Amino acid sequence: MSPKNGPRPRAAAALAGAAALGLALSACSGGSADSSSGDALVVYTGQAGDYQINFNPFSPTKIGALGTIYETLFFYNKAEVSEPAPLLATEQAWNEDGTVLSVVLRDGVEWSDGEAFTADDVVFTFDMLKGQPAINASGFDGTVEAQDDTHLTFTFEEPTFVKGPDLMGNTPIVPEHLWKDVNPVEDVMEEPVGTGAYLLKEFKPQAYTLESNPEYWGGEPEIKEVRYLSLSGNQAGADAIAAGTIDWQTGPIPDIQNTNRNFPNYDAYTQWQNQMVLATCSSAELGCEGPQTDPAVRHALYYAIDREQLNSLAFMDTANDMSPAFTLTPSQDQYVSAAVEEPIAPTTAQPDTAADLLEAAGWAKGDDGIYAKDGEKLTLTVEVVTGWTDYITAIDTMASQAKAAGIELTAAQSSWNEWTEKKGSGNFQLAIDSLWQGPAPDPYYLYNYFYDSSSGAEVGGSAGNNYARYENPAVDEAVAALATMPLDDAAGRQSHFDAIQTEIVEDMPYVPIMTGGTTSIWNTAEYTGWPSDEDLYAFPAIWSAYDAAEIFKRLEPKG
Amino acid sequence: MNYFLRKLSFYAVALWAALTLNFAIPRLLPGDPVDILLAKLQQRGGTVTPETRKAYALLLGGDTSDPLWVQYWDYLKNLARGDLGTSVSYYPAKVSDVILTSLPWTVVLVGVATVIAALLGVLLGAIVGWKPGTWLDSLVPSTTLLAAVPYFWLALILVYLLARVLGWFPLQGGYDVVLTPGWNGEFIASAIQYGFLPALTIVLASIGGWLLGMRNMMVSTLSEDYILTAEAKGLSPRKILRSYASRNAVLPSVAGFAISLGFVVSGSVITEQVFSYPGIGGRLLGAVTNNDYALMQGVFLFITLAVLGANLLVDLLYGLIDPRTRARA
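Residues numbered from 1 in each chain as written. Chains lettered and ligands numbered in written order. Predicted model: local features only at pLDDT ≥ 70, side-chain atom pairs only at ≥ 80, totals over all residues.

Student: Would you mind going over the overall build of chain B with me for this structure?
Tutor: Counting secondary structure elements, chain B contains 15 helices and zero strands. Here the C-alpha coordinates of chain B stretch approximately 85 × 60 × 35 Å along the principal axes. Looking at the 329 residues of chain B, the share that counts as buried comes to 40%. Considering only contacts in chain B between residues 6 or more positions apart, those separated by 24 or more positions represent 73%. (Helix = DSSP H or I, 4+ residues; strand = E, 2+ residues; numbered from the N terminus. Buried ≥ 20, exposed ≤ 12 C-beta atoms within 10 Å, placed from the backbone. Contact = placed C-beta atoms within 7 Å.)

Student: Help me understand the overall build of chain A, please; the structure alone is not making it clear to me.
Tutor: Across its full length, chain A carries 16 helices and 21 strands. A compact globule built from 559 residues would reach a C-alpha radius of gyration of about 24 Å, and chain A, at 27 Å, matches this within 12%. Along the longest, intermediate and shortest principal axes, the C-alpha atoms of chain A span 80 × 80 × 50 Å. Considering only contacts within chain A whose residues lie at least 6 apart along the sequence, 69% involve residues at least 24 apart. (Rg over C-alpha atoms; globule rule 2.2 N^0.38 Å.)

Student: When you look at the packing of helix H5 (residues 95–130) of chain B against helix H13 (residues 280–289) of chain B in this model, what are you seeing that I'm missing?
Tutor: Each pair of packed helices can be summarised by the angle the axes make with each other and by the distance between the axes. Residue and element names in this part refer to chain B. H13 packs onto H5 with a crossing angle of 135 degrees between their chain directions and a minimal axis gap of 8 Å. Here H5 is positioned oblique relative to H13, judged by the angle of their axes. On H13, the residues touching Val98, Ile99, Ser102, Leu103 and Thr106 of H5 are Ile280, Gly281 and Arg283. When grouped by side-chain class, the residues that make up the contact of H5 with H13 number four nonpolar, three polar and one charged. (Axes fitted to C-alpha atoms, helices over the stretch in contact; angles between N-to-C directions. Parallel < 35°, antiparallel > 145°, perpendicular 65-115°, else oblique. Nonpolar A, V, L, I, M, F, W, Y, C, P; charged D, E, K, R; others polar.)

Student: What is the right way to read the interface of chain B and chain A from this model?
Tutor: Interfaces are often described in size by the accessible area the parts lose on coming together. Listed per partner, the contact involves 63 residues of chain B and 63 residues of chain A. At the level of secondary structure, the elements contributing two or more residues to the side of chain B that touches chain A comprise helix H2 (33–43), helix H3 (50–60), H5, helix H8 (185–222), helix H10 (237–249), helix H12 (269–275) and H13 of chain B. For the side of chain B that touches chain A, the leading source of residues is H3 of chain B, giving eight residues. For the side of chain B that touches chain A, the residue count by class is 32 nonpolar, 21 polar and ten charged.

Student: Sorry if this is basic, but what is going on with the pairing of strand E18 (residues 430–435) of chain A here?
Tutor: The two faces of the sheet receive side chains in turn, since in a regular strand these alternate between them. Residue and element names in this part refer to chain A. Along E18, five of the six residues are buried, which leaves the element largely enclosed by surrounding structure. Sheet analysis places strand E12 (residues 266–280) next to E18, joined by six bridges and oriented antiparallel. Within E18, the position partnered with Val277 by the bridge is Asp433. With two bridges connecting them, strand E16 (residues 379–385) and E18 associate as parallel partners. Within E18, the residue paired with Val382 across the bridge is Leu430. (Pairing = 2+ DSSP bridges.)

Student: I would appreciate a short explanation of the sheet that holds strand E15 (residues 376–377) of chain A in the present structure.
Tutor: Adjacent strands of a sheet pair through backbone hydrogen bonds, lying either parallel or antiparallel. The strand order E13-E14-E15 (chain A) describes an open sheet built from three strands, whose pairing is antiparallel. Taken across any chain shown, the strands that pair with only one partner, and hence form the sheet edges, are strand E13 (364–365) and E15 of chain A.

Student: Would you mind showing me how to read the environment of Gln172 of chain B here?
Tutor: Within the element layout of this structure, Gln172 of chain B appears in the loop between helix H7 (151–165) and H8. Along the primary structure Gln172 of chain B and Thr49 of chain B are separated by 123 residues, whereas in three dimensions their C-alpha atoms are 37 Å apart. The contacts of Gln172 of chain B, once residues within four sequence positions are left out, are Leu231, Ala236, Asp239 and Ala240 of chain A together with Phe275 and Ser276 of chain B.

Student: Please explain the confidence of the model for chain B as it appears in this structure.
Tutor: One rule of thumb: low pLDDT means the predicted coordinates there are not for detailed reading. Across chain B, the average pLDDT comes to 83, with 91% of residues at or above 70. Taken together, the chains of this predicted complex give a pTM of 0.82 and an interface ipTM of 0.75. (pLDDT = per-residue confidence, 0-100.)

Student: Can you help me understand the nonpolar core in this one?
Tutor: Counting residues in hydrophobic clusters, the biggest one holds 155 residues, and the most contacted among them are Val43 and Val226 of chain A together with Ala117, Met214 and Val299 of chain B. Both of domain 1 (2–80) and domain 2 (96–328) of chain B provide at least three residues apiece to this core. Not counting the four nearest positions on each side in its chain, Met214 of chain B is found in contact with Gly121, Val122, Gly125, Ala126, Gly129, Ala249, Val250 and Ser253 of chain B. Grouped together as the second largest cluster of nonpolar side chains are 73 residues, Leu278, Ile305, Tyr449 and Met508 of chain A included. (Core = buried A, V, L, I, M, F, W, Y, C linked by C-beta atoms within 7 Å. Domains from an automatic or database assignment.)

Student: Looking at this model, I keep getting lost on the environment of Ala207 of chain A. Mind explaining?
Tutor: Tracing the backbone shows Ala207 of chain A in strand E9 (residues 207–212). Its 24 C-beta neighbours within 10 Å are what place Ala207 of chain A among the buried residues. In sequence terms Ala207 of chain A and Gly366 of chain A are 159 residues apart; their C-alpha atoms lie 59 Å from each other. Residues contacting Ala207 of chain A, with those up to four places away along its chain left out, are Arg227, Tyr228, Leu229 and Ser230 of chain A together with Val177 of chain B.

Student: Honestly, the domain arrangement of chain B in this entry has me stumped. Any pointers?
Tutor: All names here are of chain B. Parsing chain B into structural domains produces domain 1 (2–80) and domain 2 (96–328). Here the C-alpha centre of domain 2 lies 31 Å away from the C-alpha centre of domain 1. Listed as interface residues are 15 residues of domain 1 and, on the opposing side, 13 residues of domain 2. Elements with a minimum of two residues in the side of domain 1 that touches domain 2: helix H1 (2–27) and H2. When residues in the side of domain 1 that touches domain 2 are grouped by element, the largest group, ten residues, is from H1. Of the residues in the side of domain 1 that touches domain 2, the class split is ten nonpolar, two polar and three charged.

Student: What am I meant to see in the environment of Ala541 of chain A here?
Tutor: Mapped onto the elements, Ala541 of chain A comes out in the loop between strand E20 (527–528) and helix H16 (545–554). Sequence separation between Ala541 of chain A and Glu222 of chain A is 319 residues, and the spatial gap between their C-alpha atoms is 20 Å.

Student: Explanation requested: the sheet that holds strand E1 (residues 41–48) of chain A in the structure shown.
Tutor: Residue and element names in this part refer to chain A. Read across the open sheet, the ten strands follow the order E8-E9-E10-E1-E11-E19-E12-E18-E16-E17; overall the sheet is mixed. Edge positions in the sheet fall to strand E8 (198–204) and strand E17 (408–414), since each of these pairs with one other strand and no more. Taking each pair of neighbouring strands and ignoring which way they run, the sheet shows an average axis angle of 25 degrees. Where E1 lies against strand E10 (residues 225–231), five bridges are found, and the strand directions are parallel. Looking across to E10, one finds that Leu41 is bridged to Val226.

Student: Explanation requested: helix H6 (residues 234–243) of chain A in the structure shown.
Tutor: Residues separated by three or four positions in an α-helix point in the same direction, a consequence of the helix having 3.6 residues per turn. Among the residues of H6 of chain A, those classed as buried are Ala236, Gly237, Asp239, Ala240 and Ile241 of chain A. Residues of H6 of chain A that are buried make contact with E1, E10, strand E11 (248–250), E12 and strand E19 (510–523) of chain A.

Student: What am I meant to see in unusual backbone geometry here?
Tutor: Excluding glycine, residues mostly carry a negative phi; peptide bonds, for their part, are mostly trans. Residue Pro330 of chain A is bonded to the preceding Thr329 of chain A through a cis peptide linkage, with omega at 5 degrees. With respect to the helices, strands and loops of the structure, Pro330 of chain A is situated in the loop between helix H9 (307–314) and helix H10 (351–360). Even without being glycine, Met508 of chain A reaches a positive phi, approximately 45 degrees. By secondary structure assignment, the location of Met508 of chain A is in the loop between helix H15 (490–507) and E19. One non-glycine residue with positive phi stands out, namely Ser276 of chain B, at about 50 degrees. Residue position: Ser276 of chain B is located in the loop between H12 and H13.

Student: How do you make sense of the confidence of the model for chain A when you look at a structure like this?
Tutor: Per-residue confidence for chain A averages 88 on the pLDDT scale, and 93% of its residues sit at or above 70. Confidence over residues 1–37 of chain A falls short of pLDDT 50; this stretch has 34 contacts with residues more than four positions distant or in other chains.

Student: Any chance you could explain the pairing of E8 of chain A here in plain terms?
Tutor: Residues and elements named next belong to chain A. Where E8 meets E9, six bridges bridge the pair, whose relative direction is antiparallel. Bridging from a neighbouring strand, Leu199 pairs with Glu211 of E9. Between E8 and the antiparallel strand that follows it, E9, lie two residues.

Student: Would you explain the packing of helix H8 (residues 295–304) of chain A against H10 of chain A in this entry?
Tutor: Residues and elements named next belong to chain A. The interhelical angle for the contact between H8 and H10, taken along N-to-C directions, is 170 degrees, at an axis separation of 8 Å. Between H8 and H10, the interaxial angle falls into the category roughly antiparallel. Between H8 and H10, the contacting residues are Ala296, His299, Ala300, Tyr303 and Ala304 on the first element and Pro351, Thr353, Ala354, Leu357, Leu358 and Ala360 on the second. Classifying every residue of the contact of H8 with H10 by side-chain character gives nine nonpolar, two polar and no charged.

Right, here's the structure in full:
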């Protein structure tokens with residue numbers, strides 16, 4: 001009997017104790033959520049769940065260190081068409097036919113453990129990648145030779161101009177004296193040694209902290225500490241902004257247009273890179289089925305969208321115009337062919353144009369107001385990922401807009417895995433998605449990734465980036481020709497751009513929606529030097545590691 | 001002894017069935033890890049070229065071409081050696097390492113909250129059931145209301161009121177990240193401060209079930225003849241409540257408690273999402289979205305073992321606590 005008496009009072013006391021402790025502690029901290037951030041710049045990259053230590057810059061599961069600890073030879077600013085900025089190298093030059101790239105390295109750079117950085121480290125890094133296909137993400141297949149400590153050459157068998165940005169701006173250089181003894185695929189580099197402006201201070205599953213490198217060749221940065229926090233997702237990030245516990249996140253928050261009014265310490269800044277599209281399974285020859293295999297249907301859809309309405313209903317007015325030539329607008333407007341009649345997709349719906357196109361292609365309006373041809377109704381299913389609320393709203397909006405033009409759109413929600421699978425295997429009609437940019441601000445990369453038939457596949461096979469299964473010999477030819485020309489040969493390349501753009505505007509395997517905005521919310525009360533329209537020195541997104549590293553170096557604490 | 005042997009062999013079969021299901025279910029998911037990793041990389045601003053795809057397929061997709069039965073056999077063999085494999089989404093970290101860093105957080109938070117909820121619920125249930133029909137009965141609808149409110153909503157409301165508006169508790173996380181995890185007073189105090197609000201939401205959401213179950217058992221126990229006998233003997237009401245009514249009424253709750261302890265390991269995915277709390281639920285969610293078979297299997301294995309273990313414990317303990325089951329055996 002007596003044992004039964006035990007638990008009650010003890011439990012009650014423990015509970016009361018815990019409650020009192022909790023209250024007392026919270027009373028101490030005074031509810032000031034800012035106390036934990038200290039002096040560090042606290043950032044949230046969108047990491048969902050705890051960090052698992054991995055500072056190997058070549059690992060797909062790395063959690064950081066690119067740009068901040070490990071530097072590349074050059075920095076390519078994807079936000080603007082501009083010259084690459086020198087980092088570990090100061091000069092690069094191709095020979096005439098694009099087979100030899102000569103690079104001059106910066107003198108007097110040291111690794112953070114005090115050893116000197118030389119051309120041998122660069123040679124070692126590239127040789128290592130070539131010997132380890134599992135981490136050779138840029139597919140480097142040339143040879144590198146050092147002439148002396150600061151001069152080296154890359155030699156290729158074929159013209160390789162377009163690979164340059166991947167090698168110069170996307171390959172972090174690692175120290176030979178440490179890496180020659182490790183397994184570059186599996187080592188997680190708990191104590192990363194690099195040349196960058198920051199050093200790893202400490203790692204914890206909930207956060208890791210970088211501290212400034214006093215010996216940095218470019219001078220010690222003003223921001224002495226950067227802390228990367230892990231939270232559960234975008235919602236948690238928005239909460240943290242509201243509570244003032246983080247200084248920078250890239251992602252949506254409610255009422256984003258009035259960020260500065262709602263949270264006076266913060267401001268929002270948007271740049272546009274993701275070209276949102278309704279990707280179609282376009283090629284009937286490769287096995288695609290459905291009305292979307294008819295280019296007239298794709299064009300009709302393009303004209304049926306009221307982009308102004310869509311922007312305000314689905315994208316909180318953060319999206320921007322888009323060019324059917326798939327050059328970024330406005331930053332890549334210079335590449336748009338004169339032959340493209342509409343350099344910008346129409347901002348309002350043009351149902352009459354859509355109707356003309358469909359009727360010319362043999363479609364006829366049925367009694368229910370929806371077009372049909374040979375007994376097949378013009379009904380299309382759009383694949384979307386459950387939980388991508390902006391895209392789902394966008395489809396709902398476009399469905400009602402398309403209905404006015406006689407096209408029926410329905411959304412099919414599925415998990416990310418399933419959605420990816422459907423795209424890869426070609427078992428879809430339309431998928432809402434966005435196309436991404438290459439390592440340099442140049443439209444070549446997008447054309448190569450998404451329109452070149454080499455990364456397509458038959459329906460049922462597994463397609464790469466070109467999951468729309470677009471196949472056009474004229475485009476393939478122009479892409480191949482561009483690969484053999486230097487990136488700065490504007491005049492020579494334009495004729496190939498013209499050829500590609502004429503074809504892809506006519507075939508439209510990806511129906512342009514709008515260019516999606518990437519919005520950063522950052523603390524303008526305590527820090528200055530953030531990128532702006534006047535000085536867009538890097539793409540403002542915390543998850544874009546090389547850009548973020550540039551931004552850390554430019555920031556200054558206020559006051 | 002026969003009773004225990006029978007029980008143990010039943011659990012061995014259950015374990016094997018669970019392990020097999022554990023192997024099969026993740027493989028029924030669509031998609032493959034390389035595609036998902038690439039999609040993630042691209043969303044994070046990386047460039048995904050055909051070369052990148054090839055490299056990652058080489059890195060991660062080495063063994064998926066084996067026939068299923070070979071994979072199954074390897075799976076059982078490795079399991080026997082305690083090797084849970086390598087996580088794809090946290091490559092090259094071992095699954096066991098990934099789980100072990102998260103497990104303590106979940107076990108302590110959800111465990112403590114479950115114990116508190118059960119004790120409070122049973123205690124209140126006994127008191128409420130002792131005097132059915134009085135104003136105390138209003139505790140039943142009020143606590144079941146809290147249990148009926150969708151948990152995420154309850155949690156969000158509490159976060160909004162207590163953390164955001166009043167600022168009594170930290171909004172997110174498991175500890176102040178400035179501190180170093182370890183057995184020092186400052187860190188533990190911080191962990192308690194951060195864990196209080198999540199624990200409170202779990203207690204509030206689950207106390208109603210305990211209270212209702214205990215109260216109803218109490219009411220039916222009170223109508224038993226032995227209670228009447230005890231009253232006729234002239235025992236004090238307090239003694240009857242403690243030793244006669246509660247003791248018998250609590251039996252189903254004890255069984256329920258042991259089983260819910262088994263589920264502590266699986267944690268509360270939603271709690272961890274709402275509070276950005278470090279724990280096993282978040283890992284499981286991540287593993288599912290990344291098609292990380294090995295990590296999924298590892299987490300499921302821990303959950304399976306915990307639930308089976310808790311059940312076994314109840315089965316064995318029940319023989320001791322309740323003489324009736326012993327007599328049958």
